[in-house]
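# Fold and contact review
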Amino acid sequence: MLETPIRNHPTVLVARALTLAFILAMVSISYVMEGLYEFIVPMVGLFALLMVVFVIFWAKTTICATDMELISEFNFIMHKHKAVPYNKIASVNVVRTLVNRIFGTATIQVNINSAVNAARPEISLCLKNDVANKVRDELSARIYGLNYTSEQEYVYESSIHLTNRDAILHGIFGNSSWFVISSVFFTLLSVVAIFMETGEDMIGLISTFMLFALSFVIPMVALILRYYNFRVYRLGDTIYLQHGAIQLYKTSFKVNKINSVRIKRTFFARLMNKACLEVDVVGINATQDTTPVLCILTSMDNIRTLMDDVVPDFIYEKEGNRQPGCAAIPWLMKAFWATCATALVYAYPMWFLMFEDVSVLELSDTNLMILRLVVLGSFLFLAFVYFAAAHIGFNKNRLDVGENMFMFETGIVDRVRTIMQYDRAQIVDVYAWPSAYRQGLSRCRVYMLSSSGHSIAVSGYYPTEDLEVIQKEVMERIKDGRYDYKKSVF
């Protein structure tokens, strides 16, 4: 399809023009409100100049394909030649933004096996939708060796049945629990502001609503729209993902590109016996997600069914071992030092309220007493949270070291079960702070390539010799030739 060099579809210029016009319009509004109309003409001139630059880049950039590689060339003043061999391509993603859907186009994004610039595709190409699907099918056939066409993709059933209700729940509770808790706080703050603000002074109320919208509503709605109509299935050794309500996203990657699998259960998800499944895969980050989602929030039964069908190589049945009793000491020491740091922060406010002249506050004795109780109570509450977190961390962390894989289960509020293969570990670091070292304990930090840079999994406190087994196994597999990051272990 790409033997003859072609350019991006002209509608990419329309998308850039709309984005640029929106940005400049937002800047110009402030000038208009201040009566600085003389700045409007330079803004129009800047818009015209940038559009000329965009047109030149569009006209001088071509893309073609040979039997061995995909080539992008830019030839204006300077010559830039970028060649991507097919055997280096991790995934070919198809993204259809709102502009794409309006003009009947689609954007093909080619990502390679690298986490250095994973959030940005190596080559991006906008074509008419039918042509884009043909190009994707041809590239996929070269990469995966499958006789797979876009017309057939809805013939294949998703490995598990997911409804749009699951997408809504994922948008609300799939994020960190701290995100949900902070959002609830801003909601309550908005309600309080409604009763406290007067009709003549609505600035505080509007600011609070804006903060609530930016911190919770907009990210939640964006997450729901992103994972709407979620489908996942596997053909051969290739996994296919599709989702999106407004911006449609399709991607595929081989199973042996997976570096680790995480079963993530936030606090609110655990209350509903639900979880989501995340994977570290280099080169599929077309939507700039920090971690690609293999399955949105759904029941644990669905998670087990999906893993059986899609990633059986990462099924790990063992529950793992608890930390030894002496591990309570480093956990308690962490809580103690956190309490001391908080006490330093609270020291001056408490001293001022208890012993200094507080007449400047112009508070009645009753309100002053309430303020003192609030400050003291908040300190005691934070100290309680630190020690409660230490108790949970000590009791809930798990570790298990198997023949081909090992598992960390960590988290205090949100729990994460991370399953890793020895052949995917890049760096294994066993370290200990004094409180743990004196007990003969250490923690293990494992680095792996992910969709954006590297991901880190950290264990709880275990005997140092138990954690060094992971290091030794990785090194032994390298020495005897068993270490192979290109394939699954089974």
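Residues numbered from 1 in each chain as written. Predicted model: local features only at pLDDT ≥ 70, side-chain atom pairs only at ≥ 80, totals over all residues. Heavy atoms only, no water.

### Some thoughts on the overall build of the protein
Scanning the protein from N- to C-terminus turns up 13 helices and 19 strands. Across the protein, the fraction of contacts at a sequence separation of at least 24, relative to all contacts at a separation of at least 6, is 61%. In the form shown here, the protein has an accessible surface area of approximately 25,800 Å², with 64% of it arising from carbon and sulfur atoms. (Helix = DSSP H or I, 4+ residues; strand = E, 2+ residues; numbered from the N terminus. Contact = heavy atoms within 4.5 Å. Areas by Shrake-Rupley, 256 points an atom, 1.4 Å probe, with all protein chains shown as cover.)

### Examining the side chain of Asp414
Structurally, Asp414 is set in the loop between strand E14 (405-410) and strand E15 (415-421). For the buried Asp414, no salt bridge is present, and the opposite-charge side chain at shortest range is Arg270, 5.1 Å distant. A distance of 2.5 Å separates polar atoms of two side chains, one belonging to Asp414 and the other to Ser177. In terms of polar contacts, Asp414 uses its side chain to reach the backbone amide nitrogen of Phe267, at 3.1 Å. With near-sequence residues (within four places) excluded, Asp414 lies in contact with Ser176, Ser177, Arg265, Thr266, Phe267 and Arg270. (Buried < 20%, exposed > 50% of the residue type's maximum accessible area, 1.4 Å probe, protein only. Lys, Arg positive; Asp, Glu negative; His and termini not counted. Salt bridge = Lys/Arg side-chain N within 4 Å of Asp/Glu carboxyl O. Polar contact = N/O pair within 3.5 Å; in protein donor to acceptor, adjacent residues only side chain to side chain.)

### Notes on the nonpolar core
By size, the foremost hydrophobic cluster in this structure holds 33 residues, and its most contacted members are Ile239, Ile258, Leu277, Leu294, Met307, Val311 and Phe314. The set of elements that each furnish at least two residues to this core consists of strand E8 (238-243), strand E10 (258-265), strand E11 (274-281), strand E12 (293-299), helix H9 (300-310) and E14. No other element matches H9, which puts five residues into this core. Ignoring anything within four residues of it in the chain, the contact list for Val311 reads Arg234, Ile239, Ile258, Leu294 and Leu306. Counting residues in each nonpolar core, the second largest holds 18 residues, with Leu70, Ala106, Ile108 and Val135 among its members. (Core = buried A, V, L, I, M, F, W, Y, C linked by side-chain atoms within 4.5 Å.)

### Examining the sheet that holds strand E2 (residues 69-76)
Pairing between the strands of a sheet comes from backbone hydrogen bonds, and it takes one of two forms, parallel or antiparallel. Pairing is antiparallel across the open sheet formed by three strands, whose spatial order is E1-E2-E3. In this open sheet, the two strands that pair with only one neighbour each are strand E1 (61-65) and strand E3 (78-85). On average, adjacent strands in this sheet sit at an angle of 15 degrees to one another, irrespective of strand direction. Taken together, the five bridges between E1 and E2 define a ladder with antiparallel strand orientation. Its bridge partner being in E2, Cys64 is matched across the sheet by Ile71. (Pairing = 2+ DSSP bridges. Axes fitted to C-alpha atoms, helices over the stretch in contact; angles between N-to-C directions.)

### Focus on the pairing of E15
For E15, the tally of buried residues reaches six of seven residues, placing the bulk of the element in the interior. Inspection of the sheet shows E14 paired to E15 by six bridges, in the antiparallel sense. Bridge pairing in E15 links Phe408 to Thr418. Counting the residues that bridge the hairpin from E14 to E15 gives four residues, and of these Gly411 lies at a positive phi of roughly 115 degrees.

### What to know about the packing of helix H10 (residues 328-355) against helix H11 (residues 365-396)
For the pair H10 and H11, interaxial distance at closest approach is 8 Å and the crossing angle is 170 degrees. What the angle tells us is that H10 and H11 run roughly antiparallel. Grouping the constituent residues of the contact of H10 with H11 by class yields 22 nonpolar, four polar and one charged. (Parallel < 35°, antiparallel > 145°, perpendicular 65-115°, else oblique. Nonpolar A, V, L, I, M, F, W, Y, C, P; charged D, E, K, R; others polar.)

### Re the sheet that holds E12
If you trace the six strands from one edge of the open sheet to the other, you get E12-E11-E10-E15-E14-E13, paired in antiparallel fashion. Among the strands making up the open sheet, the edge pair consists of E12 and strand E13 (398-401). Neighbouring strand axes in the sheet, compared pairwise and without regard to direction, differ in orientation by 10 degrees on average. Sheet topology places E13 next to E14; four bridges connect them, and they run antiparallel. Directly across from Asp400, in E14, lies its bridge partner Met407. Contacts between H9 and the sheet are confined to E10, E11, E12 and E15, with E12 contributing the most and set at about 145 degrees to the helix.

### Let's talk about H9
Those residues of H9 that sit buried are Met300, Ile303, Leu306, Met307 and Val310. The buried side chains of H9 occupy one side of the element, clustering within an arc of 115 degrees when seen end-on. Looking at the buried side of H9, the elements it contacts are strand E7 (231-235), E8, E10, E11, E12 and E15. (Arc of directions from axis to C-beta.)

### Some words on unusual backbone geometry
One non-glycine residue, Asn229, lies in positive phi territory at about 55 degrees. If you trace the backbone, Asn229 turns up in the loop between helix H7 (203-226) and E7. Since its relative accessible area comes to 43%, Asn229 is described here as partly exposed. You will see that Asn273, though not glycine, has its phi angle at about 55 degrees, which is positive. Structurally, Asn273 can be placed in the loop between helix H8 (267-271) and E11. A relative accessible area of 45% means that Asn273 is categorised as partly exposed.

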